[in-house]
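Coordinates in review
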Amino acid sequence: TNDNNVILLVAFDGSGTGTRTLNMGDGLWTIKGSNNNTWNYTTVTGLTHNTNGSTLSFIPSTPTPTGAVTFVGGGQSFNTVTYSGVTNANPFIINGGPTIANLQFTAPGAVTIASGTTVTITNAFSWIGTSTNQFFFSSSSTATSATIAAAANSSIQWAGIRRMTFTGNTVLAPNCFDLRSNVG
């Protein structure tokens, strides 16, 4: 993309088996859709994915989307991923085990990680809500945990957390609600 900014009104589907390359450059990629597979790397056979210094930003076109925003990472690496602009409880769903250098959320928000999936975050994160704008983090299943491999000095504040396992480093969680079955 030669470091240009990209705005997608609905979604990006890079899934498939053909030989292809996505060079994200250092631009800002904004996705405004709120449907399943908003970013879709379900099948990555033949894909070369170069993230460079890019930012992938999920900002639904309405603060009250009617559907979930789904990020299927396909086990690929991403530089910065952000999710913001939502005032209702429709979740940001992460699937496909991506590795993300910087993962940023703006409260309020609900984040669901596919059960049995590990999301690796290589830089410290600080997801800070308030007493009036909280987060909700959970596995997609009430029976199987999702995992966040966290960098040192990571923290979450003002969140409800359910069936999440944090590995790599302990995640500090002051002013949070333990909604059962959390580790680390």
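Just above, that's the structure.
Residues numbered from 1 in each chain as written. Predicted model: local features only at pLDDT ≥ 70, side-chain atom pairs only at ≥ 80, totals over all residues. Heavy atoms only, no water.

1. A look at the overall build of the protein chain
Per the secondary structure count, the protein chain includes 0 helices and 20 strands. Its C-alpha atoms give the protein chain a radius of gyration of 16 Å, near enough to 16 Å, the size a compact globule of 184 residues would have. Expressed as a percentage of the 184 residues in the protein chain, the buried residues total 46%. A separation of at least 24 residues holds for 52% of the contacts in the protein chain among residues at least 6 apart in sequence. Of the roughly 8,200 Å² of accessible surface on the protein chain, 49% is carried by carbon and sulfur atoms. One finds the centroid of the 5 positive side-chain charges in the protein chain at a distance of 16 Å from the centroid of its 4 negative side-chain charges. (Helix = DSSP H or I, 4+ residues; strand = E, 2+ residues; numbered from the N terminus. Rg over C-alpha atoms; globule rule 2.2 N^0.38 Å. Buried < 20%, exposed > 50% of the residue type's maximum accessible area, 1.4 Å probe, protein only. Contact = heavy atoms within 4.5 Å. Areas by Shrake-Rupley, 256 points an atom, 1.4 Å probe, with all protein chains shown as cover. Lys, Arg positive; Asp, Glu negative; His and termini not counted. Charge placed at Lys NZ, Arg CZ, Asp CG, Glu CD.)

2. Notes on the sheet that holds strand β11 (residues 99–105)
Taken together, 8 strands build an open sheet; the order of strands is β1-β4-β7-β9-β11-β13-β16-β19 and the sheet is parallel. In the strand order of this sheet, the two ends are held by β1 (6–8) and β19 (164–167), each with one partner. When strand polarity is set aside, the average angle formed by the axes of neighbouring strands in this sheet is 30°. Across 2 bridges, β11 lies against strand β13 (residues 118–121) in parallel orientation. Bridging across to β13, T99 finds its partner in T120. (Pairing = 2+ DSSP bridges. Axes fitted to C-alpha atoms, helices over the stretch in contact; angles between N-to-C directions.)

3. Describing the nonpolar core
If you look at the biggest cluster of nonpolar residues, it comprises 40 residues, and the most contacted ones within it are W39, L56, F58, F71, F105 and W127. Excluding its chain neighbours within four sequence positions, the residues that come into contact with F105 are Y83, F92, I94, V111, W127, F135 and F137. (Core = buried A, V, L, I, M, F, W, Y, C linked by side-chain atoms within 4.5 Å.)

4. Side note on the environment of P108
By the secondary structure assignment, P108 is in the loop between β11 and β12 (109–113). Residue classification places P108 among the partly exposed residues on the basis of a relative accessible area of 24%. Taking C-alpha positions, P108 is 17 Å from T70, a pair spaced 38 residues apart along the chain. Other than its neighbours up to four places away in sequence, P108 contacts V86, T87, N133 and Q134.

5. Examining the side chain of S54
By the element assignment, S54 lies in the loop between β6 (47–50) and β7 (55–58). Here S54 is in contact with M24, G25, D26, G27, W29, N79 and T80, once residues within four sequence places are set aside.

6. Structural notes on the side chain of S138
Tracing the chain through its elements places S138 in strand β15 (residues 135–139). In this structure S138 touches V111, T112, I113, R162 and M164, once residues within four positions along its chain are discounted.

7. Comments concerning the packing of aromatic side chains
Two numbers describe a pair of aromatic rings. These are the distance of the centres and the angle of the planes. The tally for this structure, following the rule as stated, stands at 18 aromatic pairs. Seen from their ring centres, F71 and F92 are 6.4 Å apart, and the 10° between their planes marks the pair as stacked. Separated by 21 residues along the polypeptide, F71 in strand β8 (residues 69–72) and F92 in strand β10 (residues 92–95) bring together distant segments of the chain. Exposure class is identical for F71 and F92. Each is buried. (Phe/Tyr/Trp six-rings, centres within 6.5 Å; stacked < 30°, edge-to-face > 60°.)

Worth remembering: the numbers are spatial, not functional.
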